[in-house]
Amino acid sequence: MASGQQWVLVEMVQAFYEAPAYHLILEGILILWIIRLLFSKTYKLQERSDLTEKEKEELIEEWQPEPLVPPVSKDHPSLNYDIVTGPPSHKIIVNGKECINFASFNFLGLLDNERVKKKALASLKKYGVGTCGPRGFYGTFDVHLELEDRLAKFMRTEEAIIYSYGFATIASAIPAYSKRGDIVFVDEAACFSIQKGLQASRSFIKYFKHNDMDDLERLLKEQELEDQKNPRKARVTRRFIVVEGLYINTGDVCPLPDLVNLKYKYKVRIFLEESMSFGVLGEHGRGVTEHFGVNIDDIDLISANMENAVASVGGFCCGRSFVIDHQRLSGQGYCFSASLPPMLAAAAIEALNIMEEDPEIFTILREKCRHVHKALQGIPGLKVVGEAFTPALHLQLEKSSGSRDTDGKTLRSIVQYCLERQIALTLARYLEKEERFLPPPTIRVVVTVEQTEEEIEKAAGLIREAALTVLK
Amino acid sequence: MTVWLTDVSVFSTEALQASCNGVAYNRPFIESFEETPMLVAVLTYMGYGILTIFGYLRDFLRDWKIEKCHIAREREEQKEFVPLYQDFENFYTRNLYMRIRDSWNRPICSVPGPKMDLVERVSHDYNWTFEHTGKVVKDVINLGSYNYLGFAENSGPCAEAAAEVTEKYGVGVASTRQEMGNLDKHEELEQLVARFLGVESAMVFGMGFATNSMNIPALTGKGCLILSDELNHTSLVLGARLSGSTIRVFKHNNMQSLEKLLRDAIVHGQPRTHRPWKKILIVVEGIYSMEGSIVRLPEVIALKKRYKAYLYLDEAHSIGALGPRGGGVLDYFGLDPRDVDIMMGTFTKSFGAAGGYIGGRKELIDYLRTQSHSAAYATSMSPPIAQQIIASMKCIMGEDGTTIGRERLRQLAENTAYFRRRLREDGFIIYGNNDSPVIPVMLYMPAKIGAFGREMLKRNIGVVVVGFPATPIIESRARFCVSAAHTREMLDTALSVLSEVGDLLQVKYSQHRTQPPMYRAFHDTSYEDADN
């Protein structure tokens, strides 16, 4: 090898001596030109503008931005909030009037439970209120570790991770796993926090019709064909299905066993959002996996917020350590945000204690849901959207007037009628310009274990009256 | 090995005023970011190189089962699935982070006040798993928690007020602001915040991170331009990305870079179509928590007025910590709150609670009440937390009838000045503005990150160390947060221990130590004493 190289070198030197002068001069000039090009400043095309300084100043003078925010009309439906004086418990004081609460997601009635309050107070006396730091920098308290442990044991998974805000839970979890180039199949009725998580992940999003497994299978088959065309890319593209256990927008449950079948057939991972079904469905309140008897290890990630049944603040994700541990370094809402205040974590632990001690509470809740569902049937002009065992139903206008504003006003008058007669209801709120598949305007009716039969009958009767009065 | 100090007004304040684009500052603006010594930089790169080589070696051994593998594995049934993580994504985590993982996520079991109790934990397998021994390390001096005014306490008027509210209201809210979650406590808090900041109206949210990521998309959209500082927090970056606007980044705290971007944006318009931009939003922070620098607000406001842009100021670390009345950067510079379009901040740091706020003109807040993602979809703030903020804010403003607030503000400023001066005299390289209570001390080398954290803990001081990816790869640092609750003795103890550990680990890199006053030659006027 070396001798061959040496031989080439000798030849080169010989050629150098034998070359004519003009050749050498030309080569020299070319080399100098290359050196000059390498060291000269690159020019950007954008800056090649032919504007003089004076013209630039004129443009700067003339430019007028839009106002920072467009004006909001005084009677915008979402501007004037209903003011709740005092605790948002079963008997709630709205706009000065005491009402029965059919609007807060207090499914298990734990918002004003004495035991929960006592534990929160004890925690306040020990730790103060705030944590003054994110989890990585002295913001991890022993209460957080205990809560994560208890949640993992309750859900029978390996590990759980807590977030300090319910909305941020699934919105941080999805982008931690799904990146640019990955594919996510989502139900059309997914809630807003899932949509924001998907937007932050920059993956390809494919929507399938609500609860329509055939549509999902069609999409999966299409993807399979795509994969066969480009197997190398397919080997590194992760796929996920994101569904909710109980949908907050439509009140029905996802067909989990079919989803698990599709998972193994097409090799997609499932992320399940259980905010509405945690503490509601299942014999022990473990959610939709217990409801259908599906093995919890078949679901890759379960995410829920602790602001509904658990009546605290925050959210959690649970699953196998292989999956959950990743979020401790890549979940943005976990790493870059202060941790959950310890008193809220202590309240959540006590709520879990109550849930574990008394599994009867879930059966009672489901009974009440059925009761409410039945009582609200047959109201002229309004139809009930949601399954019989869902604790958060929607009442939709049977015949829409065609304009969302008018429908909204009609429903608001029904709500107002009920508020004046001491039943607290609320309109389901959406951001009209931001939702991908905007649900129609509805009234939200929430069932809690604390509601008695008379109260349910009274509420149903009032809604019927209101509907008859308003929808004449 | 020249040292480059930006805008250090060591000669006279007039020199500074002349150099800042003609904008007068009402006080000396002294910031320094001493350049990395060449030898240290080379050694740091070498250190990372060696760690990478060992990383590959260990991965190889783990693959071939020669070394025991502690990493969690995928399920048997899902082995055929596309792998959830790419191997190279986690290389840094497996091989560098794991070695010094015990410096982070240290569990505490007391109030995160000036002294705290840590849960003792040990690892028998080199940080792969931790065990709690059951013992508690008591009275560790806390230099890591964001407790600037010392409101992290479990007794006293704020805690009592919060306890009362817990009794009355409970802990949860279970509904959104627009539905049934708008309590009278929220209204009270919002009016108080507006008064504190000096703005027309304010709105509060349950999480500081979410305040940014959910409200910037409501304010800007496609066709708008966001000019964001290089070192902005993740929440601001996420909010800007979710909004769909074009984002352009200017060099950290560099007004020439910002002005150039503004001029180019207005003159050339949107890329390719050259249509004019709908809005231009400048996003800056009050105090940058990794650098300890304070934003040059008078200049930013001058630029914003000249070019008709809007200003979004994130005062997460500066509200309550700067300024004679605790009003943040605006108070510190003596500026008018009406000049800033959107004032955002969090309650986690100086108020000992949780959550965030946005303050501004009434039209802005009304618009956010209807269009903010948080108002429509996220649960509102918990009542005892709101009460803690109300109580602490009243205390800072002096409305509770005591002078505790004023005392604490003064104590914080004094502690900051003292701590910074002593650190500089000892010979550490510290970054940032002289008045910022966030003090990064440079460590540079990866091994020193772990060693520093552990040595300080052995001597009963809890510190925060940060490395890649939160900082540039060779600029690892330890970050101290001074609190008004730290007494002079605590600071002195901490400083003597720091000096000891600094000598042990050789982190006193500064090449120009200011001599303490008594050693200075009497004719030497080239260094002005920082605290007059």
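Residues numbered from 1 in each chain as written. Chains lettered and ligands numbered in written order. Predicted model: local features only at pLDDT ≥ 70, side-chain atom pairs only at ≥ 80, totals over all residues. Heavy atoms only, no water.

The number of helices and strands found in chain B is 16 helices and 15 strands. Relative to the compact-globule value of 24 Å for 532 residues, chain B shows a C-alpha radius of gyration of 24 Å, a close match. Across its three principal directions, the C-alpha atoms of chain B cover 75 × 65 × 60 Å. Buried positions account for 62% of the 532 residues belonging to chain B. Of the contacts formed within chain B by residues at least 6 apart in sequence, a portion of 71% connects residues at least 24 apart. Approximately 21000 Å² of chain B is accessible, and the part contributed by carbon and sulfur atoms is 54%. Side-chain charges of chain B comprise 59 positive and 62 negative groups, with the mean position of each set lying 4 Å from the other. (Helix = DSSP H or I, 4+ residues; strand = E, 2+ residues; numbered from the N terminus. Rg over C-alpha atoms; globule rule 2.2 N^0.38 Å. Buried < 20%, exposed > 50% of the residue type's maximum accessible area, 1.4 Å probe, protein only. Contact = heavy atoms within 4.5 Å. Areas by Shrake-Rupley, 256 points an atom, 1.4 Å probe, with all protein chains shown as cover. Lys, Arg positive; Asp, Glu negative; His and termini not counted. Charge placed at Lys NZ, Arg CZ, Asp CG, Glu CD.)

Of the residues lining the interface, 117 residues belong to chain A; the matching set on chain B comes to 115 residues. Of the roughly 10300 Å² buried at the junction of chain A and chain B (both faces included), carbon and sulfur atoms supply 63%. Considering only the side of chain A, the residues that lose the most area to chain B are A:W63, A:Y81 and A:Y138, jointly responsible for 10% of the buried surface there. In this assembly, chain A and chain B are joined by six salt bridges. Note that B:E74 and A:R269 form a salt bridge whose closest N and O atoms lie 2.7 Å from each other. In this structure, the connection of chain A to chain B is made through 44 residue pairs in polar contact (both at pLDDT 80 or more). Grouping the amino acids of the side of chain A that touches chain B by side-chain chemistry returns 60 nonpolar, 26 polar and 31 charged. (Buried area = accessible area lost by both parts, 1.4 Å probe. Salt bridge = Lys/Arg side-chain N within 4 Å of Asp/Glu carboxyl O. Polar contact = N/O pair within 3.5 Å; in protein donor to acceptor, adjacent residues only side chain to side chain. Nonpolar A, V, L, I, M, F, W, Y, C, P; charged D, E, K, R; others polar.)

Let us now look at the UniProt feature "transmembrane region" (unreviewed entry) in chain A. Residues and elements named next belong to chain A. Using the residue numbers shown here, the UniProt feature "transmembrane region" (unreviewed entry) corresponds to residues 20–39 and 160–178. Along residues 20–39 one finds 95% helix and 0% strand; the C-alpha atoms at either end are 30 Å apart. The span residues 160–178 carries 63% helix and 21% strand; its end-to-end C-alpha distance comes to 19 Å. (UniProt positions renumbered as here; feature names shortened; annotations may be inferred.)

Turning our attention to the side chain of B:S235. Its place among the elements puts B:S235 in helix α7 (residues 234–243). With sequence-adjacent residues up to four places away left out, B:S235 is seen in contact with B:F209, B:N212 and B:S213.

Time to look at the environment of B:V300. One can find B:V300 in helix α9 (residues 297–307). Once the C-alpha coordinates of B:V300 and B:I282 are considered, the two residues, 18 residues apart in sequence, prove to be 8.7 Å apart.

What follows is about the pattern of salt bridges. Residue and element names in this part refer to chain A. The final tally for this structure, using the stated rule, is 63 salt bridges over all chains. Residue R115 pairs with E350 through a salt bridge whose shortest N-O separation is 2.9 Å. With a gap of 235 residues between them, R115 in helix α4 (residues 114–127) and E350 in helix α15 (residues 342–357) connect regions that are remote in the sequence. Residue classification places R115 among the partly exposed residues on the basis of a relative accessible area of 35%. By relative accessible area, E350 is classed as buried at 4%.

For the rest of this paragraph, the subject is the UniProt feature "domain: Aminotransferase class I/classII large" (unreviewed entry) in chain B. With numbering aligned to this structure, UniProt lists the feature "domain: Aminotransferase class I/classII large" (unreviewed entry) at residues 138–497 of chain B. Secondary structure across residues 138–497 of chain B divides into 43% helix and 16% strand, with the first and last C-alpha atoms of the span separated by 17 Å.

Residues and elements named next belong to chain B. Following both chains from N to C, one finds helix α6 (residues 208–219) and helix α11 (residues 362–371) inclined at 110°, their axes separated by 10 Å at the closest point. Considering their axes alone, α6 and α11 lie roughly perpendicular with respect to each other. Within the contact between the two elements, α6 uses N215, A218 and L219 and α11 uses L364, Y367, L368 and Q371. Among the residues making up the contact of α6 with α11, the classes are represented as five nonpolar, two polar and no charged. (Axes fitted to C-alpha atoms, helices over the stretch in contact; angles between N-to-C directions. Parallel < 35°, antiparallel > 145°, perpendicular 65-115°, else oblique.)

Let's shift gears to the pairing of strand β7 (residues 239–244) of chain A. Residue and element names in this part refer to chain A. Taking burial as the measure, the six residues of β7 include six buried ones, the bulk of the element. Side chains R239, I241 and V243 of β7 all project onto a buried face; the interleaved residues F240, V242 and E244 project onto the opposite face, where all are buried too. Relative to β7, strand β5 (residues 183–187) runs parallel, the two being bridged by four bridges. The residue of β7 that forms the bridge with V184 is F240. Once the chain exits β7 it traverses helix α10 (residues 256–266) before rejoining the sheet at strand β8 (residues 269–273), and the crossover so formed is right-handed. (Pairing = 2+ DSSP bridges. Right-handed = clockwise from strand over helix to strand, strands pointing away.)

The next thing to look at is the sheet that holds strand β14 (residues 464–466) of chain B. Residue and element names in this part refer to chain B. Across the sheet, which stays open at both edges, the three strands sit in the order β12-β15-β14 with antiparallel pairing between neighbours. Looking at strand neighbours, the two that pair on one side only are β12 (438–442) and β14, the edges of this open sheet. Each neighbouring strand pair of the sheet contributes to a mean axis angle of 30°, computed without reference to strand direction. With five bridges joining them, β12 and strand β15 (residues 477–481) adopt antiparallel strand pairing. When the bridges of β15 are listed, V441 appears paired with A478.

Residue and element names in this part refer to chain A. Under the 1.5 Å per step criterion, the end-to-end length of helix α17 (residues 404–420) is 24 Å for 17 residues, consistent within 8% with the ideal 24 Å. Structurally, the start of α17 carries an N-cap: the backbone nitrogen of D405 is 3.3 Å from a side-chain oxygen of S403. Count one or two residues on from α17 and you reach Q422, which has phi positive near 75°. (Expected span 1.5 Å × (residues − 1).)

What follows covers the UniProt feature "domain: Aminotransferase class I/classII large" (unreviewed entry) in chain A. Using the residue numbers shown here, the UniProt feature "domain: Aminotransferase class I/classII large" (unreviewed entry) corresponds to residues 98–460 of chain A. Span residues 98–460 of chain A is 43% helix and 16% strand, its end C-alpha atoms 18 Å apart.

Turning to the nonpolar core, a few remarks are in order. A:F278, A:L376, B:I280, B:I282, B:F347, B:F419 and B:F452 are the most contacted members of the largest nonpolar core, which totals 271 residues. Here B:F347 is in contact with B:V193, B:V204, B:G352, B:A353, B:A354, B:G355, B:G356, B:Y357, B:M381, B:I389 and B:M393, once residues within four sequence places are set aside. Core analysis: the next-biggest nonpolar cluster, separate from the first, contains 23 residues, B:Y310, B:Y312, B:M344 and B:I365 among them. (Core = buried A, V, L, I, M, F, W, Y, C linked by side-chain atoms within 4.5 Å.)

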